[in-house]
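As a plain string of letters, each chain reads:
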Amino acid sequence: MVFKIEKPYGQMIHLYTFIVTTMEMEPYQVIRFYCGRGKMENFIKEGKSGFAFGSVSSSSKSVNANRLLVHALGYNLFNWFRRLALAASMRKQRIDTIRIKLLKTAARVVKSARYKYFKLCSSCPYKKEFYETLENIRNLHPQLE
């Protein structure tokens, strides 16, 4: 049995973790193994809930395999977007949260002679992140060959 106590930064409470296992390793190795396993389960959960990895609508294996490949492509494209363009404060959030904060934001598009502007309402709680993401997209310089 491995017992771990953590105190999150800035909080007064402690988090307790108990791991009961038959592995014959050092305690820090057991904790590292199970943390990695938990991280992988979070990736799987994001794939299922955010990208519909679990939706198989056909009785044909090839159709379902191709559907899964398209969903995996969407997942990979989103991860590139997360690393290259997303606001720094939002990079560790799941796709569902990012959809709510950035993509489901009401904005008015105002056109001038040369530019298009996004006008967000004054009470938008994620205005800073929205504009930071747009600026990061603007600063991308793709190299086309």
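Reading the values: the criteria
Residues numbered from 1 in each chain as written. Predicted model: local features only at pLDDT ≥ 70, side-chain atom pairs only at ≥ 80, totals over all residues. Heavy atoms only, no water. Pairing = 2+ DSSP bridges. Helix = DSSP H or I, 4+ residues; strand = E, 2+ residues; numbered from the N terminus. Expected span 1.5 Å × (residues − 1). Contact = heavy atoms within 4.5 Å. Core = buried A, V, L, I, M, F, W, Y, C linked by side-chain atoms within 4.5 Å. Buried < 20%, exposed > 50% of the residue type's maximum accessible area, 1.4 Å probe, protein only. Axes fitted to C-alpha atoms, helices over the stretch in contact; angles between N-to-C directions. Parallel < 35°, antiparallel > 145°, perpendicular 65-115°, else oblique. Nonpolar A, V, L, I, M, F, W, Y, C, P; charged D, E, K, R; others polar. Patch = residues over 30% accessible without salt bridge, like charges linked within 9 Å, V, L, I, M, F, W, Y side chains within 5 Å. Areas by Shrake-Rupley, 256 points an atom, 1.4 Å probe, with all protein chains shown as cover. Salt bridge = Lys/Arg side-chain N within 4 Å of Asp/Glu carboxyl O.

Novice: What exactly am I supposed to notice about the pairing of strand S4 (residues 116-120) here?
Specialist: For a regular strand, the rule is simple: side chains alternate between the two faces of the sheet. Relative to S4, strand S3 (residues 107-111) is paired through 5 bridges, and the arrangement is antiparallel. Each bridged residue has a counterpart across the sheet, and for valine 110 the counterpart in S4 is tyrosine 117. Here S3 folds back onto S4, and the loop between the two strands holds 4 residues.

Novice: Which parts of the structure should I look at to understand helix H2 (residues 61-84)?
Specialist: For an α-helix, 3.6 residues make a turn, and residues three or four places apart therefore share a direction. Taking 1.5 Å as the rise per residue, H2 with 24 residues should run 34 Å; its terminal C-alpha atoms sit 34 Å apart, in good agreement. The inward-facing, buried residues of H2 abut helix H1 (27-51) and helix H3 (95-103).

Novice: What is the right way to look at the nonpolar core in this model?
Specialist: It is characteristic of soluble globular proteins that their nonpolar side chains tend to be buried jointly. The biggest cluster of nonpolar side chains holds 12 residues, and these are Phe51, Tyr75, Phe78, Leu86, Ala87, Met90, Ile95, Ile98, Leu102, Leu120, Cys124 and Phe130. Of all elements in the fold, only H2 and H3 reach the threshold of two or more residues within this core. A total of 3 residues in this core trace back to one element, the largest contributor, which is H3.

Novice: Is there a simple way to explain the packing of H1 against H3 in this structure?
Specialist: Helix-helix packing is characterised by the crossing angle of the two axes and by the distance between the axes. Where H1 meets H3, the closest approach of the two axes is 9 Å, and the angle between their N-to-C directions is 45°. With respect to H3, the element H1 is oriented oblique. Of the residues in H3, those in contact with Glu46, Ser49, Gly50 and Phe51 of H1 are Ile95, Asp96 and Arg99. Classifying every residue of the contact of H1 with H3 gives 2 nonpolar, 2 polar and 3 charged.

Novice: Mind showing me how you'd approach a nonpolar patch on the surface here?
Specialist: Judged by side-chain polarity, Leu73, Leu77, Trp80, Leu84, Ile137 and Leu140 come together as a nonpolar surface patch covering roughly 590 Å² of accessible area. It is H2 that provides the largest number of residues to the nonpolar patch, a total of 4 residues. By secondary structure assignment, the location of leucine 140 is in the segment after helix H4 (127-138). Residue classification places leucine 140 among the partly exposed positions, given a relative accessible area of 35%.

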